[in-house]
Amino acid sequence: MKVSTVKVQIQIIGVLIIIGTVYSHNILGLFPTTAKSAFLASEAIMKELARRGHNVTVVSCFPQQNKISNYTDISIRSARESMMYESSIDIKKYNIPLDILDLTPFFTDLIESMRSVLEFSGIQELLSSNMSFDVVFHEMFVDDIFLLISRKFNAPIIAIGPSYILPWAADRFAIPQNPSYIPVIANGYSAKMNFCERLWNTITLIRSKIDYWNILNPKSLEVYSKHYKETLPSFREVSSYVSMYFVNQHFTLNRPRPLPPQVIEIAGVHLKPVKALEQELQMWMDNAPFGVVYFSFGSMLRGASLPTEKVQIFLEVFRSFPQRVLWKWEDDPPSGVPEHVKVLKWLPQRDILGHKNIRFFISHGGLLGVTEAVAEGVPILGIPTNMDQANNIASLVDLGAGMVLDYNNITVETLYYSYNQMLSDSSYAENAKKLSERFLDRPQSPLDTAVYWTEYVIRHGGAPHLQSAAVHLTWYQYYLLDVIAVCLAALAATVATVVYIIKTSLRVFCSRTSSKMKVN
């Protein structure tokens, strides 16, 4: 009896092993971003897929410090060292705000950095290997050379957008992008725009697309073709093979817009459960009778590079209020820091924002930090500096969960007013809590959603049935310009025919009338 039981157990274990093998897939992630914050959402998905038993290979600038089962790193950090943004950008060197009408320098620098990536030994070894993958993840930002690399594996492609939908990404999935209510990145508009804002939004939408398709793409193809001698299809054709688009946005924060079924919102995918803080910091925040204000410019900007005059403005305003201030500052503390202000080089932001005594968050408006604050119902005083930050803050302002302060207009008076408003007007905290409830109210967590749709794409061979037919239309077909042209031509022909008939009839009538008059 015991022998029989053992045999049954062995058979069950064998079946379980077979099932695990059958449902274990080989997954490749290509994430060339040089900004740590942009990588976090992709990293969370890759690590979760590995945890669930899939074999994951990740090409990135941020290899794991500790070995993870089923997770293999191919680091390209050294190949992109010149563009690494991790805690390195000096605010004083920033062009604030970003000139959306002049993306050429950014695109040019990006292409130059990609040359070294294509020559990198790790990439060459990956491409020359016999490895096969069931799905390839590609970062949908501006590094389109990696989209060309993705297609070499003949596997379904899933794009991940580290920000909300970019204009050129929208084209690839036939996502409507009406500039009357969908703001272009870096414009700093919400969904509610006045006439002048809608006009400028339209101009920047058109210009950003022109720059992208006429500057970045041709040069990317040129760089790629020098390393890989092959006949290349257009980016439009390659991008039409992308099965799914995970976009780091959510309609509760970024406002609703029409999306095809192959576009999945995953904002919050990087969120982890809030943990207790280190004991000293936990006690410091617990014992704050008037609450705590958290001040950080995230992982990409160096808060310590603020100009001296602006630092003194912040310190003066902090002295005017009894609330404790927790300030992320990467260097030694500046002089004159008040006793109730704690300055630290690194802070566990996710856990801090989850603390009950946080009153509000002073932030540059980076998407992940905004998402963390939204998840915890913390209002934000935003000081956007570049890229999507202004739009993220504009959405919060529109929802009543935050205020915006112009970086170039920071004075004691403007900062004091904003600071006081955030503390004295309870509507900001109330609206932030309501926004948090809506943001978190989903049938699945963002991470479970991403994993489900990844496995869905694999199960259904790329899931081409999710793709809109509009993806395969040319731009003039999509906007019905050919139909409009035919209709206008038909209308013109009809009008010309009617005019001809009338003229001919009048000529005949006049001729007959003239003849009768001569006879008489």
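Because the structure is predicted, anything quoted here is derived from the model rather than measured.

## With respect to the pattern of salt bridges
Line of reasoning, step 1. Applying the stated rule across the entire model yields 11 salt bridges.
Line of reasoning, step 2. Between Glu 48 and Arg 52 there is a salt bridge, with its nearest N and O atoms 2.7 Å apart.
Line of reasoning, step 3. You can call Glu 48 buried: its relative accessible area is 11%.
Line of reasoning, step 4. We classify Arg 52 as partly exposed; its relative accessible area is 36%.

## Concerning the sheet that holds strand β2 (residues 55-60)
Line of reasoning, step 1. Pairing is parallel in the open sheet, where 7 strands are placed in the order β3-β2-β1-β5-β6-β7-β8. What marks the edges here is a single partner per strand, and that holds for β3 (71-75) and β8 (263-265). Neighbour-to-neighbour, the strand axes of this sheet turn through a mean angle of 20 degrees, independent of strand direction.
Line of reasoning, step 2. Where strand β1 (residues 26-31) lies against strand β5 (residues 135-139), 4 bridges are found, and the strand directions are parallel. By the bridge assignment for β5, Leu 28 is matched with Val 136.
Line of reasoning, step 3. The sheet strands contacting helix α17 (residues 446-459) are β5, β6 (157-161), β7 (242-247) and β8, and the helix crosses β7 at an angle near 175 degrees.

## Some words on unusual backbone geometry
Line of reasoning, step 1. One non-glycine residue with positive phi stands out, namely Ala 463, at about 50 degrees.
Line of reasoning, step 2. By relative accessible area, which is 1% here, Ala 463 ends up buried.
Line of reasoning, step 3. Within the chain, Leu 480 stands out as a residue other than glycine whose phi angle is a positive 60 degrees.
Line of reasoning, step 4. By relative accessible area, which is 46% here, Leu 480 ends up partly exposed.

## Observations regarding α17
One turn of the α-helix equals 3.6 residues, which is why residues spaced by three or four share an orientation.
Line of reasoning, step 1. The terminal C-alpha atoms of α17 lie 20 Å apart, and with 14 residues this matches the ideal 20 Å at 1.5 Å per residue to within 8%.
Line of reasoning, step 2. Among all positions of α17, only Pro 446, Thr 449, Ala 450, Val 451, Trp 453, Thr 454, Tyr 456, Val 457 and Ile 458 are buried.
Line of reasoning, step 3. Check the buried side of α17 and you find it contacts α2 (36-51), β5, β6, β7 and β8.
Line of reasoning, step 4. Immediately beyond the C-terminal end of α17, within one or two residues, lies Gly 461, with a positive phi of roughly 55 degrees.

## Section: the pairing of β7
Line of reasoning, step 1. Across the 6 residues that make up β7, a large majority, 6, are buried.
Line of reasoning, step 2. In the sheet, β6 pairs with β7 via 5 bridges, with the strands oriented parallel. Looking at the pairing, Ile 158 lines up with Met 244 of β7.
Line of reasoning, step 3. Summarising the sheet, β7 and β8 pair through 3 bridges and their orientation is parallel. Within β8, the residue paired with Tyr 245 across the bridge is Val 263.

## Some words on the nonpolar core
Line of reasoning, step 1. By size, the foremost hydrophobic cluster in this structure holds 74 residues, and its most contacted members are Ile 45, Phe 137, Tyr 245 and Phe 246.
Line of reasoning, step 2. Each residue touching Ile 45, except ones within four places of it in the same chain, is listed here: Phe 137, Ile 160, Phe 246, Ile 266, Val 269, Leu 447 and Ala 450.
Line of reasoning, step 3. Judged by nonpolar contacts, the second largest core, of 31 residues, contains Leu 301, Ile 313, Val 341 and Ile 362.

## A few points about the packing of aromatic side chains
Line of reasoning, step 1. The tally for this structure, following the rule as stated, stands at 24 aromatic pairs.
Line of reasoning, step 2. A ring pair is formed by Phe 295 and Phe 318, whose centres lie 6.2 Å apart and whose planes are at 75 degrees; its orientation type is edge-to-face. On the criterion of sequence distance, the pair formed by Phe 295 in strand β9 (residues 292-296) and Phe 318 in helix α11 (residues 308-319) is long-range, its members being 23 residues apart. Here Phe 295 matches Phe 318 in class, with each residue buried.
Line of reasoning, step 3. Both rings, one in Phe 318 and one in Tyr 419, keep their centres 5.9 Å apart while their planes meet at 55 degrees; by these two values the pair is tilted. Placement of Phe 318 in helix α11 and of Tyr 419 in helix α15 (residues 412-424) is noted, with a sequence separation of 101 residues between them.

## Things to note about the packing of helix α13 (residues 367-376) against helix α14 (residues 389-398)
Between two packed helices, the angle of one axis relative to the other and the distance separating the axes together describe the packing.
Line of reasoning, step 1. Two elements in contact, α13 and α14, have axes separated by 9 Å at closest approach and are oriented at 25 degrees. Comparing their axes, α14 and α13 come out roughly parallel. The handedness of the crossing between α13 and α14 comes out as left-handed. The segment α13 lies against α14, with Leu 367, Val 370 and Val 374 engaging Asn 392, Ile 393 and Leu 396.
Line of reasoning, step 2. Considering only residue class, the contact of α13 with α14 consists of 5 nonpolar, 1 polar and no charged.

## Some words on the layout of surface pockets
Line of reasoning, step 1. For the second largest pocket, the calculated volume is near 690 Å³.
Line of reasoning, step 2. Lining the second largest pocket are 27 residues, with Asp 171, Lys 209, Arg 236, Trp 475 and Tyr 479 sitting closest to its centre.
Line of reasoning, step 3. For the lining of the second largest pocket, the secondary-structure elements that each account for two or more residues are α6 (167-172), α7 (195-227), α8 (235-239) and α18 (475-478).
Line of reasoning, step 4. No other element matches α7, which puts 7 residues into the lining of the second largest pocket.

Definitions and cut-offs
Residues numbered from 1 in each chain as written. Predicted model: local features only at pLDDT ≥ 70, side-chain atom pairs only at ≥ 80, totals over all residues. Heavy atoms only, no water. Salt bridge = Lys/Arg side-chain N within 4 Å of Asp/Glu carboxyl O. Buried < 20%, exposed > 50% of the residue type's maximum accessible area, 1.4 Å probe, protein only. Pairing = 2+ DSSP bridges. Helix = DSSP H or I, 4+ residues; strand = E, 2+ residues; numbered from the N terminus. Axes fitted to C-alpha atoms, helices over the stretch in contact; angles between N-to-C directions. Contact = heavy atoms within 4.5 Å. Expected span 1.5 Å × (residues − 1). Core = buried A, V, L, I, M, F, W, Y, C linked by side-chain atoms within 4.5 Å. Phe/Tyr/Trp six-rings, centres within 6.5 Å; stacked < 30°, edge-to-face > 60°. Parallel < 35°, antiparallel > 145°, perpendicular 65-115°, else oblique. Left-handed = near helix turned anticlockwise from the far one by under 90°. Nonpolar A, V, L, I, M, F, W, Y, C, P; charged D, E, K, R; others polar. 1 Å grid on protein atoms, 1.4 Å probe; cavity = no way out; pocket = protein on both sides within 12 Å on 5 of 7 lines; lining within 4 Å. Points joined across faces, edges and corners; volume = space filled by probe spheres on them.

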